[in-house]
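The lines below spell out each chain.
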Amino acid sequence: LEKYFSPKQREQNQRIKRSRSSPELSPPDNKRISSEIEENKMNQEVGKLSLEELILNFRNLLDDMKVATKSDIQLLANEVSEMKNENKLLKQEVSKLQEVTEEQEKRIDYLENLTKKKNLIFKGIPVSCESEVRAVEELCTKVLKVENVKVESVKSFENRKKENLVLMASFTTESDVVNILKNANKLRGTNISIDRDLAQGTRKRRYKLLRLRKEILRINNNINVMVRNDVMYCQNVKLFWRKITGLTTVDGKSGLDFLNKLLGVDISEFLIGLEDKISVVQRNVGAAQQGSTSEDPLLLKK
C-alpha cells in the first residue's frame, strides 16, 4: 500500500525555481499609462498664439478637412433660389402652353363639327332591317313625321348589344338634321335615340356636362338646366368644361362655386369622380382603336 498510495517525492536533484517578480506587485496597465501620457501632452503649452494666428490655424484646419464655408453655403443658397425662380417660370410657361393647346384643340373640334353638321347617330334600330338606309328613312318619315328626308349614306358601328344597330346617317341638307332633332322627343319610351355626330373632344366634354346635369336635377329638379353640344346652360348662365380649370363660367369664374351656391351643397366630390370615369372611358376608347372590344359604340366596323 505504501508503494501505491504514498505521495510522490520530488527528486533530490530537481530544484524549485523562484519567481523573479514579487507577488505583491501587479503587472503595469499599458493602456492607462499611454492615455495619461497623451493627456499630459495635450495639457502642455505649445506656445502663446495671438487671436489672428489662432483663427488662421482654424481656417487652415477647415480647409484641410474640406468643410463647407459660409461663402459655399451662401453660393448654394443662391443656386437653389435661382432654380426655384426658374421652376416657377417654367410652370407659368407650361400653363400658358396648355391653354394655347386647349384652344387649338377646341378650334379643331369646331372645324370637325362643321364637317359633321349633316350627320346623325341613330341607336337602337333593330338588326333585322334589310336596308339600313331604308330603316333610317322610314324612322324619320313614319315615326318622326319628317317629310322628304333624303339620306346620302349610312355607316354601321360596333355595339356590345347585338340585338340593335348603331348607325351614322349622312343627310343631303342640314335642314333635315334640324327637323329630325326637333321631333326626336317622339321617341320617348322607346329604345331608339338620336344624337349629333360630334368630334371626340366635344363628345367628352358633352358627356361630363350631361352627367353633371343629371346630378343637378337629382338634387333639385326645379332648376332650369340643359346641354347644347359642349355648353351647359344653367339658370341662364353658360358653363364650359376646361382641362386646366375644370368647370368654368363664360366670364372665367369657377363653375363649381356657382353650382355649390345655387344647389346649397358641395358637389366637388362628384366632379372628381366624374374625372375618374372619363379616364376609364378614354382607356376603353384607346383599347378599341387598337382592335379590342370597347363600350364606345361610335367605332366603325372593319
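Quick notes on the rules
Here, residues in each chain are numbered from 1, in the same order as that chain's written sequence. Only residues with pLDDT of at least 70 are given local features in this predicted model, and only at 80 or more are side-chain atom pairs given and counted; all residues enter the totals for whole chains, interfaces and linings. Note that the side-chain values use all heavy atoms of the structure and ignore hydrogens as well as water. Here the rule is simple: two strands pair whenever DSSP picks up at least two bridges between them. Per the convention used, a helix needs a DSSP run of H or I reaching at least four residues, while a strand needs a run of E reaching at least two, with both numbered from the N terminus. Here an angle of 0 to 180 degrees is reported between the N-to-C directions of two axes, which are lines fitted to C-alpha atoms, with helices fitted over the stretch in contact. What counts as a salt bridge is simple: a side-chain nitrogen of Lys or Arg found within 4 Å of a carboxyl oxygen of Asp or Glu. Only protein chains enter the accessibility calculation, which uses a 1.4 Å probe. A residue is then buried if its area is under 20% of the maximum for its type, exposed if over 50%, and partly exposed in between. Any pair of Phe, Tyr and Trp rings, taking the six-membered ring for Trp, is counted once the centres come within 6.5 Å. Such a pair is stacked with planes under 30 degrees apart, edge-to-face with planes over 60 apart, and tilted for the rest. Residues with no salt bridge and a relative accessible area higher than 30% make up the patches, which join like charges within 9 Å and nonpolar side chains (Val, Leu, Ile, Met, Phe, Trp, Tyr) within 5 Å. Note that accessible areas follow from Shrake-Rupley with a 1.4 Å probe, and for residues the cover is restricted to the protein chains shown. Residue contacts are counted whenever heavy atoms from the two residues lie within 4.5 Å of one another.

Under an unreviewed UniProt entry, the chain has the name Putative endonuclease-reverse transcriptase and belongs to Panstrongylus lignarius.

(A) Representation of the pairing of strand β8 (residues 246-249). As defined by bridge partners, strand β7 (residues 237-242) adjoins β8 across four bridges and the pair is classed as antiparallel. For phenylalanine 240, the partnering residue across the bridge sits in β8 and is threonine 248. Hairpin geometry of β7 and β8 is characterised by an intervening segment of three residues between the two adjacent antiparallel strands.

(B) Up close: the sheet that holds β7. The strand order across the open sheet formed by four strands is β5-β6-β7-β8, and the pairing between neighbours is antiparallel. Only two strands of the sheet have a single partner each, and these edge strands are β5 (225-228) and β8. The sheet shows a mean angle of 30 degrees between the axes of neighbouring strands, direction not considered. When β5 meets strand β6 (residues 231-234), the two strands line up antiparallel, connected through four bridges. What sits directly across from valine 225, in β6, is cysteine 234.

(C) The arrangement of the pattern of salt bridges in detail. Here the structure, examined in full by the defined rule, presents nine salt bridges. Between arginine 205 and aspartate 230 there is a salt bridge whose closest N-O contact spans 3.0 Å. Remark: aspartate 230 occurs in the loop between β5 and β6 and arginine 205 occurs in helix α7 (residues 200-219); sequence separation between them is 25 residues. On the basis of relative accessible area, arginine 205 is assigned to the buried category, the value being 14%. Judged by its relative accessible area of 15%, aspartate 230 is buried. Sharing partners across several salt bridges, the network here consists of Asp109, Arg205 and Asp230.

(D) Quick peek at unusual backbone geometry. Although it is not a glycine, asparagine 148 adopts a positive phi angle of roughly 55 degrees. The class for asparagine 148 is exposed, based on a relative accessible area of 68%.

(E) Representation of the packing of aromatic side chains in the model. What the rule picks out here adds up to one aromatic pair. Seen in terms of ring centroids, phenylalanine 122 and phenylalanine 171 are 6.3 Å apart; in terms of plane orientation they differ by 50 degrees. Their pairing is tilted. Placement of the pair is phenylalanine 122 in strand β1 (residues 119-126) and phenylalanine 171 in strand β3 (residues 164-171), with a sequence separation of 49 residues. The buried category is assigned to phenylalanine 122, whose relative accessible area is 0%. Look at phenylalanine 171 and you get buried, because its relative accessible area is 1%.

(F) Geometry of a nonpolar patch on the surface. There is a patch of nonpolar side chains on the surface, built from Leu51, Leu54, Ile55, Phe58 and Leu61 and spanning about 480 Å² of accessible area. Among the secondary structure elements, leucine 51 is positioned in helix α3 (residues 51-65).

(G) Spatial organisation of the pairing of β7. By the bridge criterion, three bridges tie β6 to β7 in an arrangement that is antiparallel. Bridging across to β7, tyrosine 233 finds its partner in lysine 238.

(H) Examining the side chain of threonine 202 more closely. One can find threonine 202 in helix α7. Residue threonine 202 is classed as buried on the basis of its relative accessible area of 2%. Beyond its immediate sequence surroundings of up to four residues, threonine 202 is in contact with Asp109, Asn113 and Asp230.

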